Amino acid sequence: MLVMMKAHATREEIEAVCRKIESMGYKAHPIPGITRTAIGITGNQGPLEAAAFESLPGVTDCVPVSKPYKLVGRELKEETTVIDLGDGVRIGGKELAIIAGPCAVENREQARATAKSVAAIGAKLFRGGAYKPRTSPYSFQGLAEDGLKILAGIREDYGLKIVTEAIDAESIELVERYADVIQIGARNMQNFSLLKRAGRSKRPVLLKRGISATLDELLMAAEYILAEGNYNVILCERGIRTFTDHTRNTLDLSVIPAVQRLSHLPIIVDPSHGTGRREKVIPLSRAAIAVGADGLIIEVHNQPENALSDGNQSIQPPELEQLLKEIRLIAPILDRTL
Ligand code: PEP
Ligand code: MN
């Protein structure tokens with residue numbers, strides 16, 4: 001159930017409703033909107049009686065939730081969530097977010113050389129895994145905390161916000177200490193204990209769609225994070241597994257408007273994992289922005305032929321520059337900026 005507050009409800013009235021919800025043993029999620037605050041209720045097993053809340057001061061209406069998710073839905077919050085990372089960097093607002101960098105932090109020189117180019121080209125967010133979930137246990141697994149320290153140095157020296165993956169309870173402790181955004185990868189989209197832990201973090205979370213996840217499963221995974229109190233979640237379409245053999249995955253761009261109809265969370269696109277082929281990254285980036293994505297996450301490597309992971313899908317800095325040039329031309333048609 002959603003408790004809708006009047007447009008001019010006071011802070012005290014909102015707090016009183018939250019206290020009432022909590023006194024019944026449930027969790028209250030007050031979500032301010034442009035015109036009014038809505039309060040989501042979680043933790044109840046069956047339907048709730050509207051009468052318990054309707055008569056409280058400041059309440060205008062109680063609305064039963066028709067969808068399986070409560071907090072990620074547009075029923076709770078009409079306007080798209082804008083995630084503010086500080087220093088003017090936002091995800092979900094008018095400005096498109098560009099996250100660029102290598103698949104993995106391989107060593108200090110490689111990561112910093114790529115970061116320097118990425119910053120010069122104008123991206124504001126840097127990606128790079130310090131913990132790599134790999135298909136083979138013999139493949140490069142990432143530099144762990146040493147990699148995070150390299151990323152922290154990049155943030156310091158190049159002014160880039162850091163997006164990096166946490167793969168388990170141990171790594172998330174470190175990732176939230178060093179990074180600006182915690183990435184949860186496709187393979188962990190339904191790692192429910194990791195989702196709950198991310199929900200207790202103060203850092204925004206980039207949640208990637210699982211390789212065989214439906215739209216509802218993606219939204220329910222995000223719901224786990226919000227239900228714990230972290231409302232700063234960015235969804236990411238990164239391709240799903242189909243029978244195609246001309247790409248690594250099939251980038252499902254039709255999920256973007258579908259998500260936007262149902263959810264207030266921002267959604268970005270990863271054309272690198274989505275296609276697995278470097279020459280497809282620019283065309284699919286153009287398409288992603290045209291379809292309405294809030295940004296892109298792109299693998300960029302200064303020497304892709306020597307990359308320890310995902311070299312085939314990594315573009316080089318000059319291609320990133322070309323990509324941003326093209327996106328800058330498309331953005332105004334959609335009333336977006338870059
Ligand atoms: C990555 O971003 O490098 C990655 C491993 O992504 P995904 O979880 O989408 O495979
Ligand atoms: Mn990768």
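Please refer to the structure higher up on the page.
What you are looking at is a predicted structure, and each value in this text was computed from that prediction instead of being measured.

Student: Just give me the short version of the site of ligand 1, but keep the residues and values in it.
Tutor: For ligand 1, the full set of nearby residues is Cys-103, Arg-127, Lys-132, Glu-165, Gln-183, Gly-185, Ala-186, Arg-187, Lys-208, Arg-238, His-273 and Glu-299. Arg-127 places a polar side-chain atom, nitrogen or oxygen, 2.8 Å from an oxygen atom of ligand 1. Between ligand 1 and Lys-208, the relevant distance is 2.9 Å, taken from an oxygen atom to a side-chain nitrogen or oxygen of the residue. Isolated, ligand 1 exposes 300 Å² of accessible area, and the fraction of that covered by the protein chains is 98%. Tallied by class, residues from the shell around ligand 1 come to 2 nonpolar, 3 polar and 7 charged.

Student: Would you mind going over the sheet that holds strand S3 (residues 37-42) in detail, with residue names and values included?
Tutor: If you trace the 4 strands from one edge of the open sheet to the other, you get S2-S3-S1-S4, paired in antiparallel fashion. The sheet terminates laterally at strand S2 (27-32) and strand S4 (59-63), the two strands that pair on one side only. Adjacent strand axes in the sheet meet at a mean angle of 20° when their direction is disregarded. Of the strand pairs in this sheet, strand S1 (residues 2-5) and S4 are connected by 4 bridges, and their pairing is antiparallel. In the strand pairing of S4, Met-4 is matched with Asp-61. Strands in contact with helix H1 (residues 11-23) are S1, S2, S3 and S4; relative to S2, the strand with the most contacts, it is inclined by about 155°.

Student: Explain unusual backbone geometry to me, using residue names and the numbers behind them.
Tutor: Backbone geometry at Ala-144 places phi at a positive 55°, although glycine is not the residue there. Counting through the fold element by element, Ala-144 comes out in the loop between strand S8 (125-127) and helix H4 (145-158).

Student: Pulling in residues and values, what's your account of the pattern of salt bridges?
Tutor: A side chain of one charge can pair with a side chain of the opposite charge when the charged atoms of the two come close. Under the criterion given, the structure shown has 18 salt bridges. With a shortest N-O distance of 2.8 Å, Asp-252 and Arg-209 are connected by a salt bridge. Of this pair, Asp-252 sits in the loop between strand S12 (233-237) and helix H8 (255-262) while Arg-209 sits in the loop between strand S11 (205-208) and helix H7 (215-227), and the two are 43 residues apart along the sequence. Arg-209 matches Asp-252 in its accessibility class, with the two residues each being buried. Across the salt bridge formed by Lys-280 and Glu-279, the nearest N and O atoms sit 3.7 Å from each other.

Procedures and definitions
Residues numbered from 1 in each chain as written. Chains lettered and ligands numbered in written order. Predicted model: local features only at pLDDT ≥ 70, side-chain atom pairs only at ≥ 80, totals over all residues. Heavy atoms only, no water. Near = heavy atom within 4 Å. Polar contact = N/O pair within 3.5 Å; in protein donor to acceptor, adjacent residues only side chain to side chain. Areas by Shrake-Rupley, 256 points an atom, 1.4 Å probe, with all protein chains shown as cover. Nonpolar A, V, L, I, M, F, W, Y, C, P; charged D, E, K, R; others polar. Pairing = 2+ DSSP bridges. Helix = DSSP H or I, 4+ residues; strand = E, 2+ residues; numbered from the N terminus. Axes fitted to C-alpha atoms, helices over the stretch in contact; angles between N-to-C directions. Contact = heavy atoms within 4.5 Å. Salt bridge = Lys/Arg side-chain N within 4 Å of Asp/Glu carboxyl O. Buried < 20%, exposed > 50% of the residue type's maximum accessible area, 1.4 Å probe, protein only.

Don't take any of this as a statement about function, it's just geometry.
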